[in-house]
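Given next are the chains, with one letter for each unit.
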Amino acid sequence: VDIEALGQALLVVDAKNLEYMNRVNKQETREKQLQAQNNGLKEEVENVRAEIDALRKKLEGDEDGRNLFERARSQVELQIEGMEVQADTLKKALSTAERANEQLQDENTGSANRCRETADKVYALMDSLRLNQVELKKIEAENGARDKKILSLERQTQNLQAKISMECDAKVLAEQERKEAEQEAVVLKKKNKVIEQAVTEAQLAQERAEKDIVVVNEKVAGMQTQNAYLASRIDGQEEEKNSYKAEMNKTSRKSAELVADNTGLRDEIDRLEEEVATSQHDLMSYRQELLHIKREDVLDDAGRQRPVLIQSNDSDLLEKLQINEFLYEAQQARNPVPPMIEKVAQLLAMLHESQGRADQYLGDLSKSNGLVSALRQRNMSLYSRTQMFESFKTRALLRYVMNLIEGEICTDLYLDGLSFGPREINEMLMLFPRYECQDKIFVISLVDNALDDDVINLLLQLVYALPYLRRLDLKRNCFTSAGIKKLDEQLRMMEGVTGVVKTVEGVLNVHSGNQLRMSVDVGEQLSKETVAKEIDFTVDTSLTHKDADPFLNTNSGASGHPWTKATAASVQKPPHQAVPDSSTVELARPSAAPSPPAVGSGPPVGLGGPGNVAALNKRASVAPRGGAAAGGGGGSPQGAGQGYNPNAI
């Protein structure tokens with residue numbers, strides 16, 4: 001069929017339709033005018049008839065009226081004849097108007113029929129034109145598809161070879177996962193047995209409870225019979241009440257006497273309680289005075305002087321070096337200064353050796369920090385390359401979709417196994433309006449792309465943006481049941497959708513009345529664990545520089561060794577921790593070396609506190625003064641608490 005001829009015929013038919021419509025409008029206006037004239041003529045006829053009736057009534061009136069009527073009879077007859085002639089003319093005009101009206105109605109019906117016939121012809125021509133255009137596009141698409149199918153088949157062969165190698169690897173992984181699943185099944189069977197045992201125990205408990213209920217019901221019946229018996233006895237005890245009232249009068253007299261005796265006894269009890277309170281107060285004061293004496297003289301419960309010991313919970317050096325045993329023996333000796341000097345020399349030698357090792361460790365730490373910084377730069381370069389690869393992948397996939405759209409083969413978009421993620425779907429959504437191809441896409445396949453519930457909103461936007469989409473394939477992805485339910489609910493809320501039916505194969509059929517509008521295949525979903533995980537490029541937090549750099553900036557990371565390039569004046573000063581007063585800590589008998597009491601965490605500190613640090617640098621204060629130099633005897637608590645001080649070394 002010649003399309004141009006059909007277009008010209010369509011223009012001619014449209015012009016004729018306009019002409020017929022104008023003619024119909026003119027005839028309708030003419031019909032309205034004739035109807036108005038008919039209505040006016042009908043009103044005039046009715047007026048004439050009313051005048052005739054009035055004249056007839058006058059003729060039937062009195063004699064005077066008759067005489068007057070006879071006089072004016074000739075005139076009235078003339079008027080009547082004129083009126084009758086006028087009525088005949090009006091009737092003729094009315095009949096002609098009715099005939100004209102009928103002719104106009106016939107012409108209107110004929111013109112309406114002709115308009116309908118022309119409209120039917122126009123619609124038939126339009127349908128044939130659309131069919132011809134669709135066939136033309138199909139032939140062009142088939143010609144283009146035949147040229148590109150050869151290239152696609154070659155690419156598919158390459159892809160199939162790659163997929164075969166990938167499936168071999170996947171088979172090995174699947175066997176490993178099957179073994180793990182069998183192990184989990186054994187564990188679940190064991191749990192099921194435990195649950196069955198619990199169910200049997202619950203049933204036995206239920207049977208016991210039912211038996212207890214039967215026993216309780218029997219007891220209730222016995223109590224009811226006993227209540228009836230007691231009610232019968234109440235009636236017979238009225239006589240006993242009178243005797244009891246007489247006895248109550250006697251007891252009331254006796255109670256008055258007892259109240260008087262009770263008041264006297266209460267006064268005596270108050271006096272005795274006051275004496276007991278004063279004695280308890282005296283006892284507390286005596287005990288406080290005794291505790292003050294023990295605290296001032298640093299004595300234990302037996303009245304003996306307490307030794308000075310070191311306590312620590314964080315360090316085990318006290319047990320390894322036997323510091324408390326040495327202090328106990330030194331304080332028991334008459335002159336504790338020589339063994340103390342010897343012990344201090346040993347500790348200094350150990351500190352010197354540990355300082356050398358610490359310097360070596362710090363050198364190794366500086367080398368490892370350099371290695372960490374180099375690895376950090378390497379990681380940054382690798383991360384930038386991965387970002388470039390991700391952007392290249394997105395551009396390549398979008399270029400593939402653009403080529404399909406530009407080649408006009410975008411009706412069926414098969415994007416299976418291309419790692420089409422949320423970013424690519426979002427870019428594709430913005431790409432469709434740019435090419436104005438929303439009405440040309442009928443099928444989209446996103447099989448095996450590891451999509452999860454995060455892309456549900458993007459998929460819904462894709463469905464809303466493509467009005468002629470008939471099939472959306474989402475098989476072998478990672479959608480959960482909650483995500484599929486959300487997709488089902490949103491599809492039900494679409495405009496024009498009357499129902500969504502889910503088949504056994506997991507296909508969501510969206511119906512609009514009796515017509516199948518779209519089908520969404522969400523079957524064969526996989527779990528996140530079975531899909532190959534993405535490479536995690538994040539650095540382990542336990543290996544980052546954030547833990548090493550702050551340590552090197554503190555006093556613990558500083559050293560005087562020349563390799564570390566630090567100042568020699570840096571001094572390690574660990575923090576002190578307060579301890580309770582020596583008088584408040586109870587010690588056992590000094591028959592053996594006592595173990596240090598448990599206190600809060602911190603470095604080793606003497607029981608009496610850190611002591612007077614300034615006095616350690618003065619040689620005049622080193623002279624022994626009997627028991628006071630050993631930490632015992634009277635005096636201030638500072639003299640009794642000359643314990644371990646890390647800053648004094």
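Trainee: Quick question: what am I supposed to make of the pairing of strand 5 (residues 499-502) here?
Mentor: Looking along a regular strand, one sees side chains alternate from face to face of the sheet. Taken together, the four bridges between strand 5 and strand 6 (residues 507-512) define a ladder with antiparallel strand orientation. By the bridge assignment for strand 6, lysine 502 is matched with leucine 508. Counting the residues between successive antiparallel strands, the hairpin from strand 5 to strand 6 contains four residues, one of them, glycine 506, with a positive phi of roughly 85°.

Trainee: Please explain a negative patch on the surface as it appears in this structure.
Mentor: Taken together, the side chains of Glu98, Glu102, Asp106 and Glu107 make up a negatively charged region of the molecular surface. For glutamate 107, the position within the fold is in helix 3 (residues 73-236).

Trainee: Can you help me understand the pattern of salt bridges in this one?
Mentor: When charged atoms on two side chains of opposite charge get close, those side chains can pair. For the coordinates displayed, the defined rule picks out 11 salt bridges. The closest approach of N and O atoms between glutamate 182 and arginine 178, which form a salt bridge, is 2.9 Å. Residue glutamate 182 and its partner arginine 178 are located together in helix 3, separated by four residues, close to a single helical turn. For glutamate 182, a relative accessible area of 44% translates into the label partly exposed. The partly exposed category is assigned to arginine 178, whose relative accessible area is 44%. Across the pair glutamate 353 and arginine 357 runs a salt bridge, and its minimum N-O distance is 2.9 Å. In this pair, glutamate 353 and arginine 357 are both assigned in helix 7 (residues 337-406), four residues apart and thus about one turn of the helix distant. Note on glutamate 353: relative accessible area 45%, which makes it partly exposed. The class of arginine 357 is partly exposed, set by a relative accessible area of 46%. Three or more residues are tied together by salt bridges with common partners; here these are Glu268, Arg271 and Glu275.

Trainee: What is the right way to read the sheet that holds strand 7 (residues 515-521) from this model?
Mentor: Whenever strands of a sheet pair, they do so through backbone hydrogen bonds, lying parallel or antiparallel. The six strands are arranged 2-3-4-7-6-5 in an open sheet whose pairing can be described as mixed. Strand pairing shows two members of the sheet lacking a second neighbour, strand 2 (412-414) and strand 5, which therefore form its edges. Averaged over all adjacent pairs, the angle separating strand axes in this sheet is 15°, with direction ignored. Of the strand pairs in this sheet, strand 4 (residues 471-473) and strand 7 are connected by three bridges, and their pairing is parallel. Across the sheet, aspartate 473 pairs through a bridge with aspartate 521, a residue of strand 7.

Reading the values: the criteria
- Sequence order sets the numbering: in each chain, residues are counted from 1 along the sequence as written.
- Per-residue local features of the predicted model are confined to residues with pLDDT of at least 70, and side-chain atom pairs are confined, for both listing and counting, to 80 or more; whole-chain, interface and lining totals are unaffected and use all residues.
- As a rule here, side-chain values cover all heavy atoms of the structure and leave hydrogens and water aside.
- Two strands pair under a simple rule: DSSP has to find at least two bridges between them.
- A run of DSSP states H or I qualifies as a helix once it reaches four residues; a run of E qualifies as a strand once it reaches two. Both are numbered from the N-terminal end.
- Patch members must show over 30% relative accessible area and no salt bridge, and they are joined within 9 Å when carrying like charges or within 5 Å when they are nonpolar side chains of Val, Leu, Ile, Met, Phe, Trp or Tyr.
- The Shrake-Rupley method, run with a 1.4 Å probe sphere, supplies the accessible areas, and residue values consider only the shown protein chains as cover.
- Put simply, a salt bridge is a Lys or Arg side-chain nitrogen that is within 4 Å of an Asp or Glu carboxyl oxygen.
- Under the convention used here, Asp and Glu are negative, Lys and Arg are positive, and both His and the chain ends fall outside the count.
- Just so you know, the charge point we use is NZ for Lys, CZ for Arg, CG for Asp and CD for Glu.
- Only protein chains enter the accessibility calculation, which uses a 1.4 Å probe; a residue is then buried when its area is under 20% of its type maximum, exposed when over 50%, and partly exposed in between.
- Axis geometry follows a simple rule: fit a line to the C-alpha atoms, using only the stretch in contact for helices, then measure angles between N-to-C directions, giving values from 0 to 180 degrees.

Taken by themselves, the reported measurements are silent on function.
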